[in-house]
Structure formats: structure tokens, C-alpha cells
Amino acid sequence: MTAVLPAAPGSHALPEAETVYRPDRPLDLPGILGLLGRGPFDPTTQWDLGGMWRTWRTPLGAATLRIHRPASDGSIAAAAWGPGAAWAIEALPGLLGHGDDWSGLDVSSHPLLRGSLHRNPGLRLSRTGLLLEALLPAIVEQRVTSLEAYRSWARLLRWYGEPAPGPGPTELRVVPTIEQWRGIPSWDWHRAGVDPRRARAAQAVLAVAPSLERAVAQAGSLDAASIALRTIPGVGQWTTAETLQRSHAHPDLVSVGDYHLAHYVGEALIGRRVDDDGMLELLEPWSGHRQRVVRLILASGFRFERRGPRLAVQDHRWH
């Protein structure tokens, strides 16, 4: 059982902001929000039988958000604590996929996709609106196993994250501020298991973080936002896709360069493995919706055969 703390000193047990969100159709909370947590050790995200706890570093400060599983009438209650509570509550509809329009997606020609859409009508793409909270963990996840990345991210947040405001689980942490991220010494990146190449990429982002956030916010399109991100050394196609899928609910960006994704998509759609170029060719008929199609494949229950060599788990702290 997850321990729950009383309100921390200076905070309130009662939420600073709360709401009841009534979507126009049933929503699949795990399907929508499951992509936000970075593995089982992530101290910003915890699920329990009642719903999800999530912390944010909002433009107004730290926030803890509690989202309850849908009630019998489909409504979803949410409460928030901390200086950023009002911001978190206002962002809730986007977080739950409001505005993510699937009406133009036609998957009737493919049995697996058609069946997945039928079984998962509440699937939507979540939009957090927080660029750095998606970008920095994506950098930590570059070219290493998921287990390595999840452990590194959890270590950094346990060491430098702020205890979450409000009466949430004891382990919850809020990601550091930009200034706090910048102050992490190189040896602690290394001690967390983040090699120098990834640490340099994170530091390059942090050096220009406010201007990068403005550039992305002012971009005239999601494609322009993608181009802005890729001007930063160490931020490539995969990292950009992993970021904008979460921060902006980008409906078309695919994580090209992922170790397993092309194999997975190929086996699901045509029964055999393909490379990245083959994956993009297979997804081309759904251009504009390619990320939605990937999410349908992931939600379909299909499991591909992992025949390739496993990436060795390395401990970057000792070399």
C-alpha cells in the first residue's frame, strides 16, 4: 500500500483547486495518461485503484494533481495542491485529450486497427503543455535500455526533485526548476547513470530553455516546433517525437530510431519485421494520424516476437 502523508507544513489538506470534468464520451484514463509516467520508478506519477497522482512544474510553480477514475456517469473528478494548482486544473481537459480529433482517421481497411479502435473508443492523445517535462526524460532515455533510463530519471528526481505539495503519496516529487537542473554537477549526472553525451544534450537544452520554450510556443505549426527543437545539439528525430507526442499531443510524429518500434509496427500490420523506412512506408496511408495509428497498435494487445539481440543493461556510473 502507498503511504499517504498529511498536508505538509504550509500547505493545505483541502485542495487549492478542484473540478469535475464531463467529457462528451467515455475516456480510457490509463490509455490516455499511461504515456506520461517514465517507468515504474518515476516519482512524478503514481497509479492506485482510485486513479492517478501526478506532479507538475507549472509556469506558476509546483503542483500535485489527483485524477480520479471515471464515475458511473463518465465524469472525472480532479483536485490539485500547490502554487500551480489552478494551472493544473485549467490544463486538465487537454491532459485528458480534449481537442484531439480522431474523426478523420479511417482504419476500416486493416482488421487489427479496426478492432483496436472498436475496443478502445476512449483512447486520446494527452497534451501536457509542458515542454521541458517531456524533453529532459526523453534525453535521458536516448540509446539505452528502458530500465537504465527509468532508474536514472528516478535517481535524479529523488536527489533534486522537490517534495510534492499536498497530501499525496510520500514518494512523490516535482521535477527541479530550470535553475536547479542547471546546478546539477557533472558527477551527479554520472552517478545517476547518465553518460556524458546525454548529460551534454540535457545541459544544451537547459542553457537555452526559456528561449526554446518561447520558440516552440510561438511556432506556427507543430512541424515548425519540431524544427525548433532539433536546432539543439543532441536533440534529434527520436527525442523530438517522444517530446511533442506528450507536450503537444502531436498526432503524426513517429519515434523513428526506436529500437523496437519499427519491428512492432511491421509485424502488427503485415506480419513481418521492417526497418524505420519500411515503418514509415506502412504508415503513410494514415499520414496526419500516424501517432494515433501507433497508439492503436500498442493498445491492440498484439505482441511481437523479440528475436533480435537484447541491449545489454550497462551501469554508466562506473565508466
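Note that the structure is a prediction, hence the values are computed from the model and not measured. (Residues numbered from 1 in each chain as written. Predicted model: local features only at pLDDT ≥ 70, side-chain atom pairs only at ≥ 80, totals over all residues. Heavy atoms only, no water.)

Bridge analysis of strand β2 (residues 45-48) against strand β3 (residues 51-58) gives 4 bridges, and the strand direction is antiparallel. Across the sheet, the residue bridging to Gln46 is Trp53, located in β3. Connecting the antiparallel pair β2 and β3 is a turn made up of 2 residues. (Pairing = 2+ DSSP bridges. Helix = DSSP H or I, 4+ residues; strand = E, 2+ residues; numbered from the N terminus.)

As a further point, take the sheet that holds strand β1 (residues 17-21). Read across the open sheet, the 5 strands follow the order β1-β5-β4-β3-β2; overall the sheet is antiparallel. Across the chains shown, the open sheet's two edge strands, defined by having one partner strand only, are β1 and β2. Averaged over all adjacent pairs, the angle separating strand axes in this sheet is 20°, with direction ignored. Pairing geometry for strand β4 (residues 61-68) and strand β5 (residues 76-81), over 4 bridges, is antiparallel. Opposite Thr64, over in β5, you have Trp81 as the bridge partner. (Axes fitted to C-alpha atoms, helices over the stretch in contact; angles between N-to-C directions.)

Moving on, we come to the packing of aromatic side chains. Taken as a whole and judged by the stated rule, the model has 4 aromatic pairs. With centroids separated by 5.9 Å and ring planes inclined at 25°, the aromatic side chains of Trp181 and Trp189 adopt a geometry described as stacked. Since its relative accessible area comes to 3%, Trp181 is described here as buried. One aromatic cluster is present, built from ring pairs that chain together Trp153, Trp181 and Trp189. (Phe/Tyr/Trp six-rings, centres within 6.5 Å; stacked < 30°, edge-to-face > 60°. Buried < 20%, exposed > 50% of the residue type's maximum accessible area, 1.4 Å probe, protein only.)

Turning next to the environment of Val107. Mapped onto the secondary structure, Val107 falls in the loop between α3 (92-95) and α4 (111-119). In this structure Val107 comes out as buried when scored by relative accessible area, which is 4%. Each C-alpha atom of the pair Val107 and Leu117 lies 8.1 Å from the other, and the pair is 10 residues apart in sequence. Among residues more than four places away in sequence, those in contact with Val107 are Leu113, Arg114, Leu117, Trp286 and Leu296. (Contact = heavy atoms within 4.5 Å.)

What follows deals with the packing of helix α13 (residues 261-270) against helix α15 (residues 290-299). Two packed helices can be described by the angle between their axes and the distance between those axes. One way to put it is that α13 packs onto α15 with a least axis distance of 11 Å and a crossing angle of 75°. Considering their axes alone, α13 and α15 lie roughly perpendicular with respect to each other. Together, Leu261, Tyr264, Val265, Ala268 and Leu269 of α13 and Val294, Ile297 and Leu298 of α15 make up the contact between the two elements. Classifying every residue of the contact of α13 with α15 gives 8 nonpolar, no polar and no charged. (Parallel < 35°, antiparallel > 145°, perpendicular 65-115°, else oblique. Nonpolar A, V, L, I, M, F, W, Y, C, P; charged D, E, K, R; others polar.)

Enumeration according to the criterion identifies 11 salt bridges in this entry. A salt bridge links Asp24 to Arg25; the shortest N-O distance between them is 3.5 Å. Asp24 gets classed as exposed once you look at its relative accessible area, which sits at 71%. In this structure, Asp100 and Arg292 form a salt bridge, with 2.6 Å as the shortest nitrogen-oxygen distance. Taken together, the residues span a long stretch of sequence, with Asp100 in the loop between α3 and α4 and Arg292 in helix α15 at a distance of 192 residues. (Salt bridge = Lys/Arg side-chain N within 4 Å of Asp/Glu carboxyl O.)

These values are about where atoms sit, not about what they do.
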